[in-house]
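# Coordinate analysis (summary)
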Amino acid sequence: MEMAVDKTQFHVLAVDDSLIDRKLIERLLKTSSFQVTVVDSGSKALEFLGLNDDEHEQRDSNSDEDQDHQDLGVNLIITDYCMPGMTGYDLLKRIKKSSCFRDIPVVIMSSENIPSRINRCLEDGAEEFLLKPVQLSDVNKLRPHLMKARSNERLFDQH
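Residues numbered from 1 in each chain as written. Predicted model: local features only at pLDDT ≥ 70, side-chain atom pairs only at ≥ 80, totals over all residues. Heavy atoms only, no water.

## Here we look at the pairing of strand 2 (residues 35–39)
In this sheet, strand 2 lies alongside strand 1 (residues 11–15) in parallel orientation, the contact comprising 5 bridges. Each residue of the ladder has a partner; that of Val 15, found in strand 2, is Val 39. This β-α-β element, strand 1 to helix 2 (residues 19–31) to strand 2, shows right-handed connectivity. (Pairing = 2+ DSSP bridges. Helix = DSSP H or I, 4+ residues; strand = E, 2+ residues; numbered from the N terminus. Right-handed = clockwise from strand over helix to strand, strands pointing away.)

## Observations regarding the pairing of strand 1
Burial runs high along strand 1: 5 of the 5 residues are buried. Judged by which residues are buried, strand 1 turns out to be covered on both faces: His 11, Leu 13 and Val 15 on one side and Val 12 and Ala 14 on the other are all buried. Of the strand pairs in this sheet, strand 1 and strand 3 (residues 76–80) are connected by 4 bridges, and their pairing is parallel. Its bridge partner lying in strand 3, Leu 13 is registered against Ile 77. (Buried < 20%, exposed > 50% of the residue type's maximum accessible area, 1.4 Å probe, protein only.)

## Here's the deal with the sheet that holds strand 1
Overall, parallel pairing links the 5 strands, which are arranged 2-1-3-4-5 in an open sheet. The open sheet is flanked by strand 2 and strand 5 (128–131), the only strands paired with a single partner. The sheet shows a mean angle of 20 degrees between the axes of neighbouring strands, direction not considered. Direction of pairing for strand 4 (residues 106–110) relative to strand 5: parallel, over a ladder of 4 bridges. Across the sheet, Ile 108 pairs through a bridge with Phe 129, a residue of strand 5. (Axes fitted to C-alpha atoms, helices over the stretch in contact; angles between N-to-C directions.)

## A short note on the UniProt feature "modified residue: 4-aspartylphosphate" (unreviewed entry) in the chain
Here, UniProt's "modified residue: 4-aspartylphosphate" (unreviewed entry) annotation points to Asp 80. Positionally, Asp 80 belongs in strand 3. Look past the residues within four positions of Asp 80 in its chain and what remains in contact with it is Val 15, Asp 16, Asp 17, Gly 88, Met 109, Ser 110 and Lys 132. (UniProt positions renumbered as here; feature names shortened; annotations may be inferred. Contact = heavy atoms within 4.5 Å.)

## Description of the environment of Met 83
Mapped onto the elements, Met 83 comes out in the loop between strand 3 and helix 5 (88–97). Sequence separation between Met 83 and Gly 42 is 41 residues; the distance between their C-alpha atoms is 7.8 Å. Those residues in contact with Met 83, other than ones at most four positions away along the chain, are Val 15, Asp 16, Asp 17, Ser 41, Gly 42 and Gly 88.

## A word on the packing of helix 3 (residues 42–49) against helix 5
Where helix 3 contacts helix 5, the two axes come as close as 9 Å, and the packing angle between them is 20 degrees. One way to sum up the angle between helix 3 and helix 5 is to call them roughly parallel. The interaxial crossing formed by helix 3 with helix 5 has right-handed handedness. Across the interface between the two elements, Gly 42, Ala 45, Leu 46 and Leu 49 from helix 3 touch Leu 91, Arg 94 and Ile 95 from helix 5. (Parallel < 35°, antiparallel > 145°, perpendicular 65-115°, else oblique. Left-handed = near helix turned anticlockwise from the far one by under 90°.)

## Some thoughts on the side chain of Asp 80
Judged by its relative accessible area of 5%, Asp 80 falls in the buried class. Of note is the side chain of Asp 80, whose polar atom sits 3.1 Å from the side chain of Lys 132. (Polar contact = N/O pair within 3.5 Å; in protein donor to acceptor, adjacent residues only side chain to side chain.)

## Comments concerning the packing of aromatic side chains
In total, this model carries 1 aromatic pair according to the counting rule given. Between Phe 10 and Phe 34, the aromatic rings sit 6.5 Å apart at their centres with planes inclined by 50 degrees, giving tilted as the arrangement. On the criterion of sequence distance, the pair formed by Phe 10 in the loop between helix 1 (2–8) and strand 1 and Phe 34 in the loop between helix 2 and strand 2 is long-range, its members being 24 residues apart. Across the pair, Phe 34 and Phe 10 agree in class, each one buried. Between Arg 120 and the ring centre of Tyr 89, over which it is positioned, the NZ or CZ distance is 4.0 Å. (Phe/Tyr/Trp six-rings, centres within 6.5 Å; stacked < 30°, edge-to-face > 60°. Lys NZ or Arg CZ within 6 Å of the ring centre and 35° of its normal.)

## Focus: the side chain of Ser 98
With respect to the helices and strands, the residue Ser 98 is situated in the loop between helix 5 and strand 4. Only 3.1 Å separates the side chain of Ser 98 from the backbone nitrogen of Phe 101, close enough to count as a polar contact.

So this is what it looks like as C-alpha cells:
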C-alpha cells in the first residue's frame, strides 16, 4: 500500500529563512499530503539539488544530472523571495538555467505585494507568486502545476 502512495505523492522543496514561515509551509504542505523537504537558504536548496558546484558551466552530458533528478524526485520548489545571501529570485534563475531542473515548477512567496517584483518573477519562470501568510487555499493552487509537470515528465520519458 505504501508503495502506491509514494508513486503518487509529490515531493516539494520548501525554502525560507524564517523558522516560523518554514514550519507553516511545511505543515500546510503535509496537510495536503505532500512529501516535504525544508531548507533555510537558497544556497542550501542548491546544495540539496546538487547545483552548488558552479553550475554556470552547463555539463555537456546531463545523464548524471538526470539520474540525480530522478533520485531526488523533487516535483516543485517553493521559496521565499526575501532571504539573506541568495534571494528567491536568484534561486529561481539558477534553477531555470539548469538543464536538469528547469522544468520543475518554482513558486515564489513574499509578504510584500510589489507588482514589479511579482511580474519579474512570473516573467522569468515562476509558476505562481503567493503572498504570505500562505494559506491552505494557496497550497491547493500548486496541484495543477505538479500535475502538468508530471505529465510533461511522462511525455519526455516516452521519447
